[in-house]
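# Chain and residue survey
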Amino acid sequence: MSVSRVLQRSTLTAAAALCGALAFTSQAMAVDSSTVMTNVLTTTGEGTANPAYGQQIKNIMIFQAGGWSGLPAAESNGTADPTWALNWGKNGYLLKSSSVYLTQMGQIQGLSKTTAIAVLLMPAVEANASGYGACWGGAWVSGSTCSGGSGWKTPDQMFADVKWAAWMKGIQVAPLVSINNYERLSDANRGQAVLTKLQDMVSWLRTMTDATTLKTVEGKIVVLTEGLPGNTGMSDAQKQAVLSWMGAQTDILWIDNLAAMDNAPANMLQYPNIYRSAASGVPYPPPSPLTSDYDAQGNWCPSFGVQDSLKSSYGSRYRWHFSDRYGKREAEMSNANYKACEAVRLRFLNITPYEAARYPVVISQWNEYGEFLNFEPSLFDGYNEYNYLNWRLSQQP
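Residues numbered from 1 in each chain as written. Predicted model: local features only at pLDDT ≥ 70, side-chain atom pairs only at ≥ 80, totals over all residues. Heavy atoms only, no water.

### What about the overall build of the protein?
Counting secondary structure elements, the protein contains 14 helices and 14 strands. The C-alpha atoms of the protein give 20 Å as radius of gyration, which agrees with the globular expectation for 397 residues (21 Å, within 12%). Along the longest, intermediate and shortest principal axes, the C-alpha atoms of the protein span 60 × 50 × 50 Å. For the protein, with 397 residues in total, the buried portion stands at 57%. Nonlocal contacts in the protein, meaning residues at least 24 apart in sequence, comprise 75% of its contacts between residues at least 6 apart. Carbon and sulfur atoms provide 53% of the accessible area of the protein, an area that totals close to 14200 Å². (Helix = DSSP H or I, 4+ residues; strand = E, 2+ residues; numbered from the N terminus. Rg over C-alpha atoms; globule rule 2.2 N^0.38 Å. Buried < 20%, exposed > 50% of the residue type's maximum accessible area, 1.4 Å probe, protein only. Contact = heavy atoms within 4.5 Å. Areas by Shrake-Rupley, 256 points an atom, 1.4 Å probe, with all protein chains shown as cover.)

### Observations regarding the sheet that holds strand β4 (residues 115-121)
Read across the sheet, 8 strands follow the order β12-β11-β10-β9-β4-β1-β14-β13 without closing on themselves; strand pairing throughout is parallel. For this open sheet the edge positions go to β12 (274-276) and β13 (321-322), each flanked by a neighbour on one side alone. With 3 bridges joining them, strand β1 (residues 59-64) and strand β14 (residues 361-363) adopt parallel strand pairing. Within β14, the residue paired with I60 across the bridge is V362. Its contacts with the sheet place helix α10 (residues 236-248) against β10 (221-226), β11 (252-257) and β12, and it is angled at close to 155° to β11. (Pairing = 2+ DSSP bridges. Axes fitted to C-alpha atoms, helices over the stretch in contact; angles between N-to-C directions.)

### Some details on the environment of A266
Looking at where A266 falls in the secondary structure, it is placed in helix α11 (residues 266-269). Assessed through its relative accessible area of 26%, A266 is described here as partly exposed. Considered as a pair, A266 and N384 are 118 residues apart in the sequence and their alpha carbons are 41 Å apart.

### Remarks on helix α8 (residues 194-207)
Here α8 contains 14 residues, and its C-alpha end-to-end distance of 21 Å stays within 8% of the 20 Å for a straight helix at 1.5 Å per residue. Of the residues making up α8, those classed as buried are V194, K197, L198, M201, V202 and L205. The arc that holds every buried residue of α8, seen down its axis, measures 130°, which confines them to one face. Among the exposed residues of α8, those oriented more than 90 degrees off its buried face are D200 and T207. (Expected span 1.5 Å × (residues − 1). Arc of directions from axis to C-beta.)

### Side note on the state of the cysteines
Scanning the entire structure with this criterion turns up 2 disulfides. Put simply, C301 and C341 are joined by a disulfide, and their sulfur atoms are 2.1 Å apart. The disulfide joining C301 to C341 has a torsion of about 70° about its S-S bond and is therefore right-handed. Here C301, found in the loop between β12 and α12 (306-314), pairs with C341, found in the loop between β13 and α13 (342-348); they are 40 residues apart in sequence, far enough to count as distant. Sequence-ordered numbering of the disulfide-bonded cysteines in the protein gives the connectivity 1-2, 3-4. (Disulfide = S-S within 2.5 Å.)

### A closer look at the nonpolar core
Core analysis: the biggest nonpolar cluster contains 69 residues, and M105, I117, L198, W254 and L389 have the highest contact counts within it. Sequence-distant contacts of M105, defined by excluding residues within four places in its chain, comprise F63, I117, V162, A165, A166, K169 and I171. I57, W68, A116 and W140 belong to the second largest nonpolar core, which has 30 residues in total. (Core = buried A, V, L, I, M, F, W, Y, C linked by side-chain atoms within 4.5 Å.)

### Side note on the packing of aromatic side chains
Enumeration over the complete set of coordinates arrives at 16 aromatic pairs. Where F63 meets Y101, the ring centres are 6.1 Å apart and the plane angle is 65°; that geometry is what we call edge-to-face. One end of the pair, F63, is in strand β1; the other, Y101, is in helix α5 (residues 98-111), and 38 residues separate them in sequence. Comparing F63 with Y101, the two get one shared label, buried. Taking 4.9 Å as the distance between ring centres and 65° as the angle between the ring planes, the aromatic pair formed by W84 and Y93 counts as edge-to-face. The rings of F63, Y101 and W136 are connected pair by pair, giving a single aromatic cluster. (Phe/Tyr/Trp six-rings, centres within 6.5 Å; stacked < 30°, edge-to-face > 60°.)

In short, the description is geometric, and any link to function would need to be established separately.
Structure follows, in structure tokens:
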């Protein structure tokens, strides 16, 4: 039930992504809005000169304010085999506080001066239905109960706390609005709820705008969106209504993984303030036998995969979505089949080949432990992922 499943899986096919798109791409590029962003915080909240000030934002790291309450229990009953944060372990997975966020933001600041964060948020009704959030300043008792502190908080209730910690370390912050209709998955008409949910979230987010808010150099607020098609249940007409509304919000630069119709890219490309970034990475599980998409070492290494197809379809309006591995169990993470090869990693990080206008890269992610999408130091591999990404981000042109 992990919400970051949205960030990793795509049901698109290359053929569908290419359908009818290429003829429209040149027209879309002509009216393209800029996605150039820079860090505008001259000082950190701690009162020191911000080392990231003036740096172009080349990456947006997805960051979870809390976690899924079912994950510790899933590990206990053997239905999942996740890792946990090196600093806090399993017992700290669902415990959050200002000091926790400060530690995490300090690590992200040390990772790269060209990286902003996107805080994964969802409507409170969905967080309550799916069990996303954290025990704020209290104790997680017996793996299931939040005791003391301020009690259980949903991600939206912790957004201001994350922003404060980011400001303290000089990091710019965007929201990642995740809509999955968790409270109404059995409702055949659930797709009609998506637009209203998005509108309500954006109305609230506008009230949260401050100096820490990530913006383009043109002054547009940056908002990322996501949703699994099987959960959102939107018809093409409902997706078009969402896109039309997004396009009318000219103060916002959208990076969308919610409403785009990849068999008809023109429906999105008509709106110059909407970009596409698909959360598609290492296939899970890998095919057996392995296909030609896997190299001699067994790493996933397609020369032309889903994201490449989408880039062909959306042209300058596509942004890479980076992850270097995917798996549900520790044993899988020791198997090359669950990892991307270096050529794919370098492509998705916009290192080789390099395109100056392709930034920012969306990175999955700082702290998704159920799916081994974590660059935060972990119990499984210590600082390996962190140090690897630090090294690669330093190579971005």
